[in-house]
Amino acid sequence: MNTNPCIASIDAVLVDLPTIRAHKLAMTTMSRQTLVIVRVLFSDGISGIGEATTIGGLAYGEQSPEGIKLTIDTYLTPLLLGTEASNVQAAMRRLSSAQGNSFAKSALETALLDAQGQRLGLPVHALLGGAVRESLPVLWTLASGDAARDVEEALALVEARRHRVFKLKIGSRALADDIAHVQAIRRGLGDDVMLTVDINQAWDEATAVRGIAALEAAGVGLIEQPVSRRNRRALARLAARFDVPIMADEAIHDAVDAFDLAADCAADVYALKISQAGGLWPTLRAAAVADAAGIGIYGGTLLEGSVGSMAAAHVFAACPQLAWGTELFGPLLLKDDVVTQRPSYSDFELQVPQTPGLGVQLDADKLAFYRRDRRSTSFP
Ligand code: MUC
Ligand code: MG
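Residues numbered from 1 in each chain as written. Chains lettered and ligands numbered in written order. Predicted model: local features only at pLDDT ≥ 70, side-chain atom pairs only at ≥ 80, totals over all residues.

1. A short note on the overall build of the protein chain
Our working rule: Per the convention used, a helix needs a DSSP run of H or I reaching at least four residues, while a strand needs a run of E reaching at least two, with both numbered from the N terminus. Within these notes, the globule rule equals 2.2 Å times the number of residues to the 0.38 power, and the radius of gyration is based on C-alpha atoms. With C-beta atoms placed from the backbone, the exposure class of a residue follows from how many other C-beta atoms lie within 10 Å of its own: 20 or more, buried; 12 or fewer, exposed; in between, partly exposed. By definition, residue pairs are in contact when their C-beta atoms, positioned from the backbone, come within 7 Å.
On a plain count of helices and strands, the protein chain comes out with 14 helices and 13 strands. Here the C-alpha atoms of the protein chain give a radius of gyration of 20 Å, agreeing with the 21 Å that 2.2 N^0.38 yields for 380 residues. Each principal axis of the C-alpha atoms in the protein chain carries an extent, and together these give about 70 × 40 × 35 Å. Of all 380 residues assigned to the protein chain, the portion counted as buried reaches 51%. Here the analysis covers contacts within the protein chain between residues at least 6 apart in sequence; of these, 72% occur between residues at least 24 apart.

Spelled out as structure tokens, the structure:
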């Protein structure tokens, strides 16, 4: 008889949380964030949690929160029920019979690792081979849409020692207006503050050539996904043309993309995201390819809440190389949360949890309040 713990039930819940201010990206303006919170219950009584989150429904990527929940409920849960709990790789391999759906798979893998960590008394990063850093540099995105307000926000965050690198979201306005916006923020913050810019695929190549030249002259330190994720050749031409590093974001999902982009010399830096990669281990596999190709790694976010951000924090703590730091600030953009204790940010860094599992627990009352269906006070 198999006495090993196995997966007993899986729940996926849509949670809508308000943001602290409007967050303007090239493709959408967010005033709330929808998290898909997943809980996996095991036959030994342990439960693990995970999260899958995207930006603006289907505005950012091809997987919506509602679709992620449907995929978990309808297709992935039946593949996992009864599966042995402690072999995470084997459980995830079962899911390879379902195509795509990296976000749902990432949330499930997070929950399996959270539970296994609790079972063994180890933090998730120890299950990934061990942390090489205890805290992670975290930048902040200035995206109110208003340069004066952005400058005020950034100066307060530097003063509070929370962030000292800032990413600007551009691409939705005329090029001249976007450049003027960046220059105004540069003037307001001075030359010592590192600025990066994310265009979120909004430019064609000709606009990118003019835009990046102007951004380079304004002292911007990193250019993120200036052109369509599908136009790798344009990305490669831009990376060859300019000194300022070009970062692939939407264009890089997993280790295969990491390999192809490296083979095309298409980017100097990769923004890795656990949901786009399909989980924590797949992110480490993409990171290994980046290392082999001499490409810098940046810990990306899709503005996940505390559960997803902590899952990513464990991975980036375990990456041998993390040349460009992270942007794991998602929880700070949310007005409220569904965990009992929010992540800790101090001295410009996010502290990586050292307690067993992910190191975050759900707050049942908050979850009941913010879940979209509001059908009970706790998980069913
Ligand atoms: C993206 O494309 O980088 C990360 C930070 C932020 O403000 O938006 C996200 C998505
Ligand atoms: Mg980006």
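Moving on from the model shown.
2. Comments concerning the site of ligand 1
Cut-off, in case you're wondering: For each residue, a C-beta position is placed from the backbone atoms; the residue is near a molecule or strand when that point lies within 6 Å of it. Gly counts as polar in this scheme, as do all residues outside two lists: the nonpolar Ala, Val, Leu, Ile, Met, Phe, Trp, Tyr, Cys and Pro, and the charged Asp, Glu, Lys and Arg.
Taken together, Leu 25, Ile 55, Thr 141, Ala 143, Asp 198, Asn 200, Asp 249, Gly 300, Thr 301, Leu 302, Leu 303 and Glu 327 make up all the residues around ligand 1. Its residues placed into classes, the shell around ligand 1 shows five nonpolar, four polar and three charged.

3. Focus: the sheet that holds strand β8 (residues 222-224)
Stated formally: In short, DSSP must find at least two bridges between two strands for them to pair. Axes, fitted as lines to C-alpha atoms, cover a helix only where it is in contact. Angles between the N-to-C directions of the axes lie from 0 to 180 degrees.
Read across the sheet, seven strands follow the order β5-β6-β7-β8-β9-β10-β11 without closing on themselves; strand pairing throughout is parallel. On the outer flanks of this sheet lie β5 (140-142) and β11 (296-299), each paired with one strand and no other. Along the sheet, successive strands turn relative to each other by an average axial angle of 30°, direction set aside. In the sheet, strand β10 (residues 269-272) pairs with β11 via four bridges, with the strands oriented parallel. In the strand pairing of β11, Val 269 is matched with Gly 296.

4. Some points on unusual backbone geometry
Trans peptide bonds make up the majority, and among non-glycine residues the majority have a negative phi. Phi at Gln 201 is positive, roughly 70°, even though this residue is not glycine. Summarising the element assignment, Gln 201 is placed in the loop between β7 (194-198) and α7 (205-217). In this model, Leu 303 sits at a positive phi of 60°, which is unusual for a non-glycine residue. Along the polypeptide, Leu 303 turns up in the loop between β11 and α12 (306-318).

5. A few points about the domain arrangement of the protein chain
Size of an interface, as often reported, equals the accessible area lost when the parts are brought together. Stated precisely, the cut-off is as follows: Residue ranges for the domains trace back to a domain assignment, done automatically or taken from a database.
Partitioning the protein chain into domains gives domain 1 (7-121 + 362-370) and domain 2 (127-351). A straight line from the C-alpha centre of domain 1 to that of domain 2 covers 23 Å. Taken together, the elements giving at least two residues each to the side of domain 1 that touches domain 2 come down to β1 (7-24), β2 (29-42), β3 (47-53), α3 (102-120) and α14 (364-370).

6. Quick notes on the nonpolar core
A general tendency of soluble globular proteins is for nonpolar side chains to be buried together. Selection rule: Any set of buried Ala, Val, Leu, Ile, Met, Phe, Trp, Tyr and Cys residues joined through C-beta atoms within 7 Å is what this text calls a nonpolar core.
Formed by 115 residues in total, the largest nonpolar core has its most connected members in Ile 37, Val 38, Leu 108, Ala 248, Ala 267 and Tyr 270. Here this core takes nine residues from α12, the largest share from any one element. There are two domains that each give this core at least three residues, and those are domain 1 (7-121 + 362-370) and domain 2 (127-351). Those residues within four positions of Leu 108 in sequence are excluded, and the remaining contacts are Val 38, Val 40, Gly 50, Ile 72, Leu 76 and Leu 80.

7. Description of the environment of Ala 12
Within the secondary structure, Ala 12 is located in strand β1. Put simply, Ala 12 and Ile 49 are 37 residues apart on the chain and 9.7 Å apart in space, counted from C-alpha to C-alpha. Setting aside its immediate chain neighbours within four residues, Ala 12 contacts Val 36, Val 38, Lys 69, Ile 72 and Asp 73.

8. Things to note about helix α6 (residues 175-189)
Quick note on the threshold: What a helix should span is 1.5 Å times the count of its residues minus one. Note that the arc is defined by the directions from the helix axis to the C-beta atoms.
For α6, built from 15 residues, the straight-helix expectation of 21 Å at 1.5 Å per residue is met to within 8% by its first-to-last C-alpha distance of 21 Å. Among the residues of α6, Asp 178, Ile 179, His 181, Val 182 and Ile 185 are the ones counted as buried. When α6 is viewed along its axis, its buried side chains cluster within an angular range of 155° and face the same direction. Pointing more than 90 degrees away from the buried face of α6 are the exposed residues Ala 176, Asp 177 and Arg 187. Looking at the buried residues of α6, the elements they touch are β5, α5 (147-159), β6 (165-169), β7 and α7. Following α6 by one or two positions, Gly 190 adopts a phi angle in the positive range, close to 85°.

9. Considering the sheet that holds strand β4 (residues 135-137)
A sheet is described by the order of its strands in space; here three strands give the open sequence β4-β13-β12, paired in antiparallel fashion. Lying at the two open borders of the sheet, with one neighbouring strand each, are β4 and β12 (345-346). Across two bridges, the pairing between β12 and strand β13 (residues 349-351) is antiparallel. The residue bridging Tyr 345 from the neighbouring strand is Leu 350, located in β13.

10. Section: the environment of Ala 263
Position of Ala 263 relative to the elements: it lies in helix α9 (residues 255-263). Sequence separation between Ala 263 and Ala 293 is 30 residues, and the spatial gap between their C-alpha atoms is 8.5 Å.

11. Section: the packing of helix α11 (residues 280-293) against α12
Quick note on the threshold: Two helices crossing with the near one rotated counterclockwise from the far one by less than a right angle form a left-handed crossing, whereas a clockwise rotation gives a right-handed crossing.
Packing of α11 against α12 brings their axes to within 10 Å, and their N-to-C directions diverge by 35°. Crossing angle aside, the handedness with which α11 passes α12 is right-handed. Contacts from Leu 280, Thr 283 and Leu 284 in α11 reach Ala 311, His 314, Val 315 and Ala 318 in α12. For the contact of α11 with α12, the per-class residue count stands at five nonpolar, two polar and no charged.

12. Some thoughts on the pairing of β2
The element β2 is extensively covered by neighbouring structure, given that ten of its 14 residues are classed as buried. Strand direction decides the pairing type here: β1 and β2, joined by 13 bridges, are antiparallel. Within β2, the position partnered with Asp 16 by the bridge is Thr 34. From the end of β1 to the start of β2, which pair antiparallel, there are four residues. Bridge count between β2 and β3: seven bridges; the pairing is antiparallel.

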